[in-house]
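These are the residues of each chain, in order.
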Amino acid sequence: MPRPETGIVRRGLRPYDKHMACIPVMFFSGSGSTALIAELIAGRLAARGHDAPLLSVEQNSDPGLLGACDLAVIGTPTYHNCPAGTLLDWIARWPPGAGPARAFLFATFGLYTGNAPHLLGQALAARGVRTVGHTGFRGPASDSVMMLPAWIGFMFRYERRIARRIDTAAGQIAALAEQPDAPGRLPPRRWYAPLDHVPNRVIARNRFRRRLAPGLRVLPGRWQGEAVDCPRGCWQAGPGGVPVCDPADCDFCLRCVHRSPRRAVIWDAAMQDRPRLDPAFYAARRAEIAAQFPPVDAG
Ligand SMILES: Cc1cc2nc3c(=O)[nH]c(=O)nc-3n(C[C@H](O)[C@H](O)[C@H](O)COP(=O)(O)O)c2cc1C
Ligand code: SF4
């Protein structure tokens, strides 16, 4: 079946018409920052009259869902200058032809994305997906808030004008939905990113892998029977039902740490009372950002 001029036709979703495209917003998120940005982008697309279902990689593991799409938004956090491993693994599992025809990428990050957007674009290109736009959003640093002094306030904040930047991205995405012939725009490889390779990709990542991840554990005094939320199934019930982590497949997303009720998950005693980027934290950020959105120009 030929693709429509704009928008998509796919299972279970409303067919588009000239004024409305279906633009799924797909993401992986550890602590919740990428999920929040994805949700807000989807909201701004919906405010423009588009159908923008929000799909997390974990809950929508059927890649065929995207296969009939013309354009999808795909979001990733930056972990050690790379896209999230859980997102890359999911893309690698797609059967041939399962992805959307085109993608608009975004990365969330605490300091800078390095080559994460480029690497995500490459992974998608290998599956036949053409990247037609990309952007990044600086926000809370889910690693640093656990390790650096809490008075470094910017680690907990989104960039200034985040609402306007999200809205601008939604406008670009909506415009791209109307331009099926828009040229591909693979995020450029940053020549300076390799300078960060040794400190970030090698030393910091190894530190997570060898020293921090093996220390991930539940504090029995704070645990009240909940399962630990982990996208990679690293936690299993141990003696007495207390969850125990096998970090062999850990991607260091730190969801288990940030989302555990009562700060029950730690990797060392020093971080047990540090503030977490938990659902309440992101709910407060959502309300702040949503209050700043400019009105949508319906024209
Ligand atoms: C293990 C780990 C490594 C990270 N590495 C980087 C990095 O290289 N550059 C950066 O700017 N932010 C880095 N961050 C911060 C995250 O990119 C940022 O907090 C992101 O928005 C988290 O999104 P999420 O909550 O959806 O997982 C890292 C976070 C973690 C947990
Ligand atoms: S063990 Fe924790 S940090 Fe590792 S993948 Fe699971 S949730 Fe993420």
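A. Representation of the site of ligand 2 within the structure. Within the structure, ligand 2 sits among 14 residues, and Cys230, Cys234, Cys250, Cys253 and Cys256 are positioned closest to it. A per-class count over the shell around ligand 2 returns 11 nonpolar, no polar and 3 charged.

B. Structural context of the site of ligand 1. Of all residues adjacent to ligand 1, which total 28 residues, the nearest are Ser29, Gly30, Thr34, Pro77 and Thr108. Those elements that place two or more of their residues in the shell around ligand 1 are α1 (33–47), β3 (71–79), β5 (102–109) and α7 (197–212). Here the shell around ligand 1 is composed, by residue class, of 12 nonpolar, 15 polar and 1 charged.

C. Expanded view of the nonpolar core. If you look at the biggest cluster of nonpolar residues, it comprises 73 residues, and the most contacted ones within it are Ile23, Val25, Met26, Ile41, Ala72, Val73 and Ile173. Counting only domains with at least three residues in this core, you end up with domain 1 (25–193 + 282–290) and domain 2 (194–278).

D. Structural detail: the domain arrangement of the protein chain. Along its sequence, the protein chain is carved into domain 1 (25–193 + 282–290) and domain 2 (194–278). Between the C-alpha centres of domain 1 and domain 2 there is a distance of 24 Å. Contributing elements (two or more residues each) for the side of domain 1 that touches domain 2: α3 (85–92) and α5 (144–147). Considered class by class, the residues forming the side of domain 1 that touches domain 2 number 9 nonpolar, 9 polar and 2 charged.

Rules used throughout
- Residues numbered from 1 in each chain as written.
- Chains lettered and ligands numbered in written order.
- Predicted model: local features only at pLDDT ≥ 70, side-chain atom pairs only at ≥ 80, totals over all residues.
- Near = placed C-beta within 6 Å.
- Nonpolar A, V, L, I, M, F, W, Y, C, P; charged D, E, K, R; others polar.
- Helix = DSSP H or I, 4+ residues; strand = E, 2+ residues; numbered from the N terminus.
- Core = buried A, V, L, I, M, F, W, Y, C linked by C-beta atoms within 7 Å.
- Buried ≥ 20, exposed ≤ 12 C-beta atoms within 10 Å, placed from the backbone.
- Domains from an automatic or database assignment.

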